[in-house]
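Here is how the chains run, residue by residue.
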Amino acid sequence: MKHIARMVPLALLALGSGHVTAAGFQLLEQNASGLGNAYAGSAAVADNASTIFFNPAGMTQLKEREVSGGMNAVLPSFKFKDEGSSVGALAGSGDGDDAGSWAFIPNAYLSWALTKDLYVGVGMSGPFGLVTEYDEAWVGAAQAQKFDIKTVNINPSIAYRVNDKVSVGFGLNWQRMEAEYVRTAAVASAALASTNVTLDASDDSWGWNVGALFTLSDTTRLGVSYRSKVKHTLTGDLKVDGTLAGAAASLTTGKAEADVELPDTFILSLTQQLNDRWEMLGDLSWTGWSSIKKIDIVRTSGTLSGQTVQTLDAEFRDTWRVALGANYKLNDDWKLKFGVAYDQTPVRSAQLRLVSLPDSNRTWLSAGAQWAVTPTSKLDFGIAYLIVPETKIDNDQSALGRGRVTGTYDSSVLILGAQYSMAF
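Since the model is a prediction, treat every value here as computed from it, not as a measurement. (Residues numbered from 1 in each chain as written. Predicted model: local features only at pLDDT ≥ 70, side-chain atom pairs only at ≥ 80, totals over all residues. Heavy atoms only, no water.)

Points about the overall build of the protein chain
Condition: Numbering of helices and strands runs from the N terminus, with a helix taken as a DSSP run of H or I at least four residues long and a strand as a DSSP run of E at least two residues long. Burial classes: relative accessible area under 20% of the type maximum marks a residue as buried, over 50% as exposed, and values in between as partly exposed (1.4 Å probe, protein chains only). For this analysis, residues touch if any pair of their heavy atoms sits within 4.5 Å. By the counting scheme adopted, Arg and Lys are positive, Glu and Asp are negative, and His together with the chain ends is not counted. Positions of charges follow a simple convention, taking NZ of Lys, CZ of Arg, CG of Asp or CD of Glu.
Check the secondary structure of the protein chain and you find four helices and 20 strands. The principal-axis extent of the C-alpha atoms belonging to the protein chain is close to 70 × 45 × 30 Å. Per-residue burial for the protein chain yields a buried fraction of 54% across its 424 residues. Pairs at least 24 apart in sequence give 71% of the contacts found in the protein chain among residues at least 6 apart. Between the centroid of the 35 positive side chains of the protein chain and the centroid of its 43 negative side chains there is a distance of 4 Å.

Thoughts on the environment of tryptophan 320
With respect to the helices and strands, the residue tryptophan 320 is situated in strand β15 (residues 319-329). Note: C-alpha distance between tryptophan 320 and isoleucine 295 (25 residues apart in sequence) is 23 Å. Ignoring sequence-local partners within four residues, the contact set of tryptophan 320 consists of Leu284, Ser285, Trp286, Tyr342, Asp343 and Gln344.

Remarks on a negative patch on the surface
Heads up, the rule is: Residues forming no salt bridge and having over 30% relative accessible area are the ones grouped into patches, like charges within 9 Å of each other and nonpolar side chains (Val, Leu, Ile, Met, Phe, Trp, Tyr) within 5 Å. The protein chains shown are the only cover counted for residues, whose accessible areas, like all others here, come from Shrake-Rupley with a 1.4 Å probe. We define a salt bridge as a side-chain nitrogen of Lys or Arg found within 4 Å of a carboxyl oxygen belonging to Asp or Glu.
On the surface, Asp97, Glu133, Asp135, Glu136 and Asp241 cluster together into a negatively charged patch. Considering the arrangement of structural elements, one finds glutamate 133 in strand β4 (residues 130-133).

As for the pattern of salt bridges
Evaluation of the coordinates by the stated rule reveals 16 salt bridges. The partner of glutamate 83 in a salt bridge is lysine 392, and the shortest N-O contact between them spans 3.8 Å. Here the residue glutamate 83 occupies a position in the loop between β1 (65-82) and β2 (103-113), and lysine 392 occupies one in strand β19 (residues 391-396), the gap between them amounting to 309 residues. Accessibility expressed as a relative area gives 38% for glutamate 83, which makes it partly exposed. Classification of lysine 392 as partly exposed rests on a relative accessible area of 42%. The salt bridge involving arginine 161 is made with aspartate 117; its shortest N-O contact spans 2.9 Å. Taken as a pair, arginine 161 in strand β5 (residues 146-161) and aspartate 117 in the loop between β2 and β3 (118-125) lie far apart in primary sequence, 44 residues in all. Salt bridges here are not isolated pairs; linked through shared partners, they connect Lys116, Asp117 and Arg161.

Quick word on the nonpolar core
The following threshold applies: Residues grouped as a nonpolar core are buried Ala, Val, Leu, Ile, Met, Phe, Trp, Tyr and Cys residues, joined through side-chain atoms within 4.5 Å.
Counting residues in each nonpolar core, the largest one holds 45 residues, and the members touching the most others are Phe25, Trp138, Ile292, Phe316, Val355 and Tyr409. Among the elements of the structure, β1, β5, β6 (166-184), β7 (195-215), β9 (230-242), β10 (254-262), β13 (294-299) and β20 (404-423) are those that each provide at least two residues to this core. No other element matches β10, which puts four residues into this core. Among the nonpolar cores identified, the runner-up in size contains 28 residues, and Leu28, Ile52, Ala159 and Ala341 belong to it.

Regarding the environment of threonine 151
Operational definition: In protein, a polar contact means a hydrogen-donor-capable atom and an acceptor-capable atom, both N or O and within 3.5 Å, with residues adjacent in sequence counting only if both atoms are side-chain atoms; elsewhere, any N or O pair within 3.5 Å suffices.
By the element assignment, threonine 151 lies in strand β5. Counting along the chain gives 53 residues from threonine 151 to aspartate 204, while the straight-line C-alpha distance between them is 9.6 Å. Polar side-chain contacts of threonine 151 include one of 2.6 Å to the backbone oxygen of phenylalanine 128.

Quick look at the pairing of β15
Threshold: Two strands make a pair as long as DSSP finds a minimum of two bridges between them.
Sheet topology note: the strand β12 (residues 278-287)/β15 ladder contains ten bridges and is antiparallel. The residue bridging aspartate 283 from the neighbouring strand is alanine 323, located in β15. The antiparallel hairpin formed by β15 and strand β16 (residues 334-343) contains four residues in its connecting segment.

Overview of unusual backbone geometry
With an omega of -20°, the peptide bond between glutamate 136 and alanine 137 qualifies as cis. Even without being a glycine, tyrosine 39 presents a positive backbone phi close to 65°. With respect to the helices, strands and loops of the structure, tyrosine 39 is situated in the loop between α1 (2-15) and α2 (51-54). A relative accessible area of 2% means that tyrosine 39 is categorised as buried.

Side note on the packing of aromatic side chains
Threshold: Between 30 and 60 degrees the pair is tilted, below 30 it is stacked and above 60 it is edge-to-face, where a pair is any two Phe, Tyr or Trp rings, Trp via its six-membered ring, whose centres lie within 6.5 Å.
Throughout the structure, instances matching the rule amount to 16 aromatic pairs. Centre to centre, the rings of phenylalanine 147 and tyrosine 181 are 5.3 Å apart; their planes meet at 70°, and the pair counts as edge-to-face. Here phenylalanine 147 is found in strand β5, whereas its partner tyrosine 181 is found in strand β6, with 34 residues between them in sequence. Given a relative accessible area of 6%, tyrosine 181 falls into the buried group. Between tryptophan 278 and tyrosine 328, the aromatic rings sit 4.8 Å apart at their centres with planes inclined by 50°, giving tilted as the arrangement. One end of the pair, tryptophan 278, is in strand β12; the other, tyrosine 328, is in strand β15, with 50 residues separating them in the sequence.

So, a nonpolar patch on the surface
On the surface, a nonpolar cluster with roughly 570 Å² of combined accessible area is contributed by Ile158, Phe170, Leu172, Trp206, Trp208 and Val210. Of all the secondary-structure elements, those providing two or more residues to the nonpolar patch are β6 and β7. The element that contributes the greatest number of residues to the nonpolar patch is β7, accounting for three residues. The residue tryptophan 206 is located in strand β7 in this model.

Given below as structure tokens:
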């Protein structure tokens, strides 16, 4: 059993190399049942065990024992068009093709009633993730060739029903983060432009989350939840390969670390049953992306220990997201879902936009369905298309030897999801 317990999160981590689908590199796809509603009402719905992530207090609305598991398949597209970049030896090397590709984000949850008012549960998911990978070589390769972030989050939780109107919940979060960052050494010469520098680092850390659920009437429910920041000190290896690997290795190969404080989030959700057929859902959420300003990659071994190898300037701002959704009960077996959302980017300007994260505001258009397979089990399907406007970039790192990348991104995201939930 111990071996199985170790392998489950590792399997999730291997699959959870998620592409950014919410603001920054946050992943909203912590279930598939909310996808059809663009995750409107996420902290108030509480119709399966995945409420453990969005609002643990929602467990008090479930049956004695429930399990839920699902998968979201994400296809982002990031197509760069060069508009006068100044990148030295990388000039004319191409636009990198499409930096997006399919990714799969799994989740699994278990809720258990100890008494009629006290519930415990555990969830496994990946709340943050990003992969951008360009074809070699391209004009922005000295700023990033590949950027890959994976997280796995294990979330033991407890919930208590105070009375018929109020429930509260609390959870701890063990989180593992892994990052791989690959770029060309510099643009000053052909030799430097054919030499890659790679950082491979990871860390385990802890956070917490809390929530409350209020039954305002027989038809109205309000949910609030908060997830804390999680600070990671990523430690790992720097390595060099390519034309100048031998000479450069003495300067850059070795151990390194980088501090990253993943943001906190707050959600306010409302569900309103209009009649026997229609239900409306709403969501207002805030993410504290300003916790990420600059990320310093610092040598921790050799004669250059303590020196900053590179700084990633992000200067992120806090963001808001608003979502509206509706459910229509077609019959006793089928429920149809609809949703729309507007998601604000933490990127402040074209000058601060990173080729590793060509993020922009996006609009969600979602639809889905829920099928009651049996009286105690249901299957959810969802699809979402994220509209991203043409995105400008003008990131000048010439003074650091990495050139100036100027152009536009044509981006979009397609998400497909399915989830099975069962009470037993």
